[in-house]
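Listed below, chain by chain, are the residues.
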Amino acid sequence: STFVEGRCAIGIAPPGCWKSVFVNTDEGGVAWRDRTNGDWGPVLRDENGEALWRPTFKDGTYAEPYRLKPFGSLEVIDRETDTLVECGPNTCPKGEKIKHSNELPKDDRANRLVDSPHVGKWINRVPFYWSGGYGQGIRKSANSEVKDLMFEFFSYVNSPITSVDDIVMPSWLDDWRYSQLASYERNYQKGGWNYDAWNEHQRVMKYALSNDVNSALTLQLPGVLLYSRDVMLDQFQKYVSGESDMETVKEETIKGWKEATLVYGKINQLDSYRATLGLNELSTYQKCTLHRQEMDAIDPAICKEATDNSTTIIIVLCSLVGAGILALVLSFFYKRYKSFQAIKKAHEQLMESTLNEATRCLQQLDYPLHLIRADEFVNDKQLTQHEVMRNSHRLTVLDNIKDVDAFVLAGKHVVFFSHQWTAFNHPDPGNLQYNFMVSALRELAKEKGWNEDLKDIFVWVDYSCIPQANASVQNLAIRSLAVYASSATYFIVCAPDTHHTDLNDVCDLSTYQRRMWCRAEQVCHSLRNGTGGMFLAKGKPGAFEFSPVQSDLFTESLRVFHGELTCCRCEHKGMEMCDRQSLVVPILGLYGELLRAAHDGFKTGGDVSAVNAFLSEVQKHQDDVFPEKFNRVMWRKNKRVVEEVVLFGDLIERMRERIKKGTMFVAGERGFGTESTKSSDFLRHGKNDFIRHGSLPEEAEGNGKGEDVA
């Protein structure tokens, strides 16, 4: 009622509860509606025919509700000192800077609001999943008719049409999957949302559902409403109304919570809470050690008995341990020797396995290559998410290496765009990089004499061609990134001058070159193709520059593993490994092919001067190009740990030995495991015709237009 009467400026509730406020009316704005008949009825009006309630700005213009990111804290608990410390990139790795209004995207209506007094500070936002504890299930003991009925009900509720309609129209359901947010035209427009309302809603929801934010679930304890509603809400209301100050609220809340704990019993709540987390109940000894006062309040005899039993057990164990120490000492050195031998053997097996995997990874795709036809890419007016492209059947899919070879040999041109993301959750919020990509496509077509309709040109760009919603499938595509980049006939670096909307940093060619993934894409392409088909699109809005890549750019790119990574900036919290480690196999494989091309050319007298030039440049900087080790920062048990991790180790020397002995084994998509195809059939250095993975047809020497076949 306070919101309807215009007395409430901010409401905090699940999105599902606010849909009736967000959806447009026949008047073109949001207003309260009559739901008497159960349907989405007419606008409620007063005796003069005016809408009963419509939020407005001071000038009387309609103020459509604005969806915002959740509030947060400027401080966070330091687990080592148990004190509050100021948020920053290290203390709050999933936090963000509070922005000035002029730093926000143009379509973000928050730029009309008064700036926060905390602009520039780091804030730790925490989306609250209020319905995160809900679940549905079918009891095993239910009869078959009930099971069938409930299964059909679940299938109905989760069917695409039902689930999409339910979250679009006014209902208690929130969005819970990315596909429900993907398209304005498909469902939200039909549900009465205008474009701006949907755009804000999906932007905030994608932020809250992503893996890059904190999250909070409902407290799953017996009597949770006693803590939150009866104690906390009561004190909060007193503070808001001015009846209490903050210190009184704190004292009364702590007092109320302690009383609530006494009502339900701390030990009972501990057992229940551990069960909700999937943890076993603490033993009696552990409870007595950690919560002796509460256990004694239940029954003083429990802990006394547990202590006496523990003392007896300790005496017996000490006797047994003393008898076994001598045996342990005698076997220690023998086991240590056996352990050393086992570790050495395991290391050898790991190195051989890595070499085999490096060779294999270039001969097959872990995830199909997805491409966009260039004319459709130009008409899209923006970078479009992979799932939207896939669901609208606008991607060309090449399932294996043979398909990629045949596709290019048929005269199709594949243009690989390499760029940096200018926001945490979107690659190009300002659309500047997309505009530069379109201009680069047209310049390349003009230079190569291609048809202006661009129908034989196909584009690869990460946001559209790699899955974004499913992390497992996305990892498969990332593992195939080396093949994607090396298979492209042309490679364009897109690095205009722009801003990172979340970090407020300038993004340009220099920041692009510092990113490890950007360097990796360049190296994966150039190690196979050379730099003849690589171009650079840079400049400022209105000052587009397009030119071939210069050799000094490639020299810097060779130091792939010294590039910057987001995972390292976040100190690998919640991660098992660094992204640097995932690139060892594909880079090693490409280097092996380059080595073998030079070796084969030396034996046959072929012209491999371009290959040798690459190898010479790599060898000058081998320690930088292929670091043996690196220092990795990790967090374990809330402690920051710096550890030395093997990266390439002696893999480069082992690969060279393999090449000399001619034992570069491949188990690829072309058939059974054999010695891999000639490197001259894989690499394209120094050739006017583009030789692909397999063979080069005789007719592929030209296309009759004086052009190289790409």
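Our subject is the structure listed above.
Fair warning: this is a prediction, and the values are worked out from it, not measured in the lab.

Reading the values: rules and limits
Residues numbered from 1 in each chain as written. Predicted model: local features only at pLDDT ≥ 70, side-chain atom pairs only at ≥ 80, totals over all residues. Heavy atoms only, no water. Phe/Tyr/Trp six-rings, centres within 6.5 Å; stacked < 30°, edge-to-face > 60°. Helix = DSSP H or I, 4+ residues; strand = E, 2+ residues; numbered from the N terminus. Lys NZ or Arg CZ within 6 Å of the ring centre and 35° of its normal. Pairing = 2+ DSSP bridges. Patch = residues over 30% accessible without salt bridge, like charges linked within 9 Å, V, L, I, M, F, W, Y side chains within 5 Å. Areas by Shrake-Rupley, 256 points an atom, 1.4 Å probe, with all protein chains shown as cover. Salt bridge = Lys/Arg side-chain N within 4 Å of Asp/Glu carboxyl O. Axes fitted to C-alpha atoms, helices over the stretch in contact; angles between N-to-C directions. Contact = heavy atoms within 4.5 Å. Buried < 20%, exposed > 50% of the residue type's maximum accessible area, 1.4 Å probe, protein only. 1 Å grid on protein atoms, 1.4 Å probe; cavity = no way out; pocket = protein on both sides within 12 Å on 5 of 7 lines; lining within 4 Å. Points joined across faces, edges and corners; volume = space filled by probe spheres on them. Disulfide = S-S within 2.5 Å. Lys, Arg positive; Asp, Glu negative; His and termini not counted. Charge placed at Lys NZ, Arg CZ, Asp CG, Glu CD. Core = buried A, V, L, I, M, F, W, Y, C linked by side-chain atoms within 4.5 Å.

### Here's the deal with the packing of aromatic side chains
Two measures describe an aromatic ring pair: the distance that separates the ring centres and the angle between the ring planes.
Okay, so step 1: Here the structure, examined in full by the defined rule, presents 20 aromatic pairs.
Okay, so step 2: Centre to centre, the rings of Trp 421 and Tyr 463 are 5.7 Å apart; their planes meet at 80°, and the pair counts as edge-to-face. Here the residue Trp 421 occupies a position in the loop between β10 (413-418) and α15 (432-448), and Tyr 463 occupies one in helix α16 (residues 462-465), the gap between them amounting to 42 residues.
Okay, so step 3: Considering the side-chain rings of Phe 544 and Phe 546, the 6.3 Å spacing of their centres and the 15° angle between planes classify their relative orientation as stacked.
Okay, so step 4: Pairwise contacts between aromatic rings join Phe 436, Trp 450, Tyr 490, Phe 535, Phe 544 and Phe 546 into one cluster.
Okay, so step 5: Positioned above the aromatic ring of Tyr 207 is the side chain of Lys 69, whose terminal nitrogen or guanidinium carbon lies 4.4 Å from the ring centre.
Okay, so step 6: When the ring centre of Trp 635 is taken as reference, the NZ or CZ atom of Lys 573 above it lies at 4.2 Å.

### Describing the pairing of strand β18 (residues 639-646)
Okay, so step 1: Pairing of strand β17 (residues 629-636) with β18, which is carried by eight bridges, proceeds in the antiparallel orientation. What sits directly across from Val 633, in β18, is Val 642.
Okay, so step 2: Connecting β17 to the next strand, β18, in antiparallel fashion are two residues, including Lys 637 with a positive phi near 55°.

### Here's the deal with a nonpolar patch on the surface
Okay, so step 1: A cluster of nonpolar residues, Leu 233, Phe 236, Tyr 239, Val 240 and Met 246, forms a patch on the protein surface that exposes about 480 Å² of accessible area.
Okay, so step 2: Per-element accounting of the nonpolar patch gives the leading share, four residues, to helix α6 (residues 224-241).
Okay, so step 3: When you line up the elements, Tyr 239 lands in helix α6.

### Overview of the sheet that holds strand β9 (residues 396-398)
Okay, so step 1: With respect to topology, seven strands assemble into an open sheet ordered β9-β8-β11-β10-β12-β15-β16, the strand pairing being mixed. Either end of the sheet is taken by a strand with one partner, and the two such strands are β9 and β16 (543-548). Each strand of the sheet is rotated relative to its neighbour by a mean of 30°, with strand direction disregarded.
Okay, so step 2: Pairing between strand β12 (residues 490-496) and strand β15 (residues 534-540): six bridges, direction parallel. Bridge pairing in β15 places Pro 496 opposite Gly 539.
Okay, so step 3: Relative to β9, helix α14 (residues 401-409) is tilted by about 125°, and along the sheet it contacts β8 (369-373), β9, β10 and β11 (457-460).

### Some points on the environment of Leu 113
Okay, so step 1: Inspection of the secondary structure assignment puts Leu 113 in the loop between β4 (96-97) and β5 (122-125).
Okay, so step 2: Taking the relative accessible area as the measure of exposure, Leu 113 reaches 48% and is therefore partly exposed.

### Here's the deal with empty space enclosed by the protein
Okay, so step 1: A complete count under the given rule lists one cavity of 30 Å³ or more for this structure.
Okay, so step 2: Volume-wise, the largest cavity comes out at about 50 Å³.
Okay, so step 3: Forming the boundary of the largest cavity are Val 523, Leu 527, Leu 558, Val 560, Ile 587, Tyr 591, Val 618, Val 625 and Phe 626.
Okay, so step 4: Looking at the lining of the largest cavity, the elements with two or more residues in it are α20 (516-529) and α24 (584-604).

### A closer look at the state of the cysteines
Okay, so step 1: Enumeration over the complete set of coordinates arrives at two disulfides.
Okay, so step 2: Between the sulfur of Cys 288 and that of Cys 303 lies a disulfide, 2.1 Å long from S to S. Judged by the torsion about the S-S bond (-90°), the Cys 288/Cys 303 disulfide is left-handed. Of this pair, Cys 288 sits in helix α9 (residues 284-290) while Cys 303 is found in helix α11 (residues 300-360), placing the two residues 15 residues apart along the sequence.
Okay, so step 3: The exposure class assigned to Cys 288 is buried, which follows from its relative accessible area of 7%.
Okay, so step 4: When its relative accessible area of 0% is taken as the criterion, Cys 303 is described as buried.
Okay, so step 5: Described in terms of the sequence order of its bonded cysteines, the disulfide pattern of the chain is 1-2, 3-4.
Okay, so step 6: The thiol of Cys 507 is unpaired, and the distance to the nearest cysteine sulfur, on Cys 518, comes to 10.0 Å.
Okay, so step 7: We classify Cys 507 as buried; its relative accessible area is 5%.

### What about a negative patch on the surface?
Okay, so step 1: A grouping of Asp 245, Glu 251, Glu 252 and Glu 259 is seen on the molecular surface, where their side chains present a negatively charged patch.
Okay, so step 2: With respect to the helices and strands, the residue Glu 259 is situated in helix α7 (residues 246-264).
Okay, so step 3: A relative accessible area of 45% means that Glu 259 is categorised as partly exposed.

### Some words on the nonpolar core
Okay, so step 1: The biggest cluster of nonpolar side chains holds 103 residues, and the ones touching the most others in it are Phe 377, Phe 417, Leu 441, Trp 460, Tyr 484, Ile 492 and Phe 648.
Okay, so step 2: When residues of this core are assigned to their parent elements, the largest contribution, ten residues, is made by α24.
Okay, so step 3: Judged by nonpolar contacts, the second largest core, of ten residues, contains Val 164, Ile 167, Trp 193 and Met 205.

### Quick notes on the pattern of salt bridges
Okay, so step 1: Counted under the stated rule, the structure contains 25 salt bridges.
Okay, so step 2: One salt bridge in this structure joins Arg 559 and Asp 624, with 3.5 Å as the shortest N-O distance. Note that Arg 559 is positioned in the loop between α21 (551-557) and α22 (566-569) and Asp 624 in helix α26 (residues 622-625), a separation of 65 residues in sequence.
Okay, so step 3: Under the relative-accessibility criterion, Asp 624 is labelled partly exposed at 29%.
Okay, so step 4: Across the pair Glu 571 and Arg 640 runs a salt bridge whose closest N-O atoms are separated by 2.9 Å. Placement of the pair is Glu 571 in the loop between α22 and α23 (579-582) and Arg 640 in strand β18, with a sequence separation of 69 residues.
Okay, so step 5: A relative accessible area of 8% means that Glu 571 is categorised as buried.
Okay, so step 6: Each of the salt bridges in this network shares a partner with another, and the network as a whole consists of Glu 348, Glu 352, Asp 650, Arg 654 and Arg 658.

### As for the sheet that holds β5
Okay, so step 1: Spatial strand order, β1-β5-β4: three strands in an open sheet with antiparallel pairing. Both edges of this open sheet fall to β1 (72-73) and β4, since each of them pairs with a single strand only.
Okay, so step 2: In this structure, β1 lies alongside β5, joined through two bridges in antiparallel fashion. Along β5, the bridge assignment pairs Ser 73 with Asn 124.

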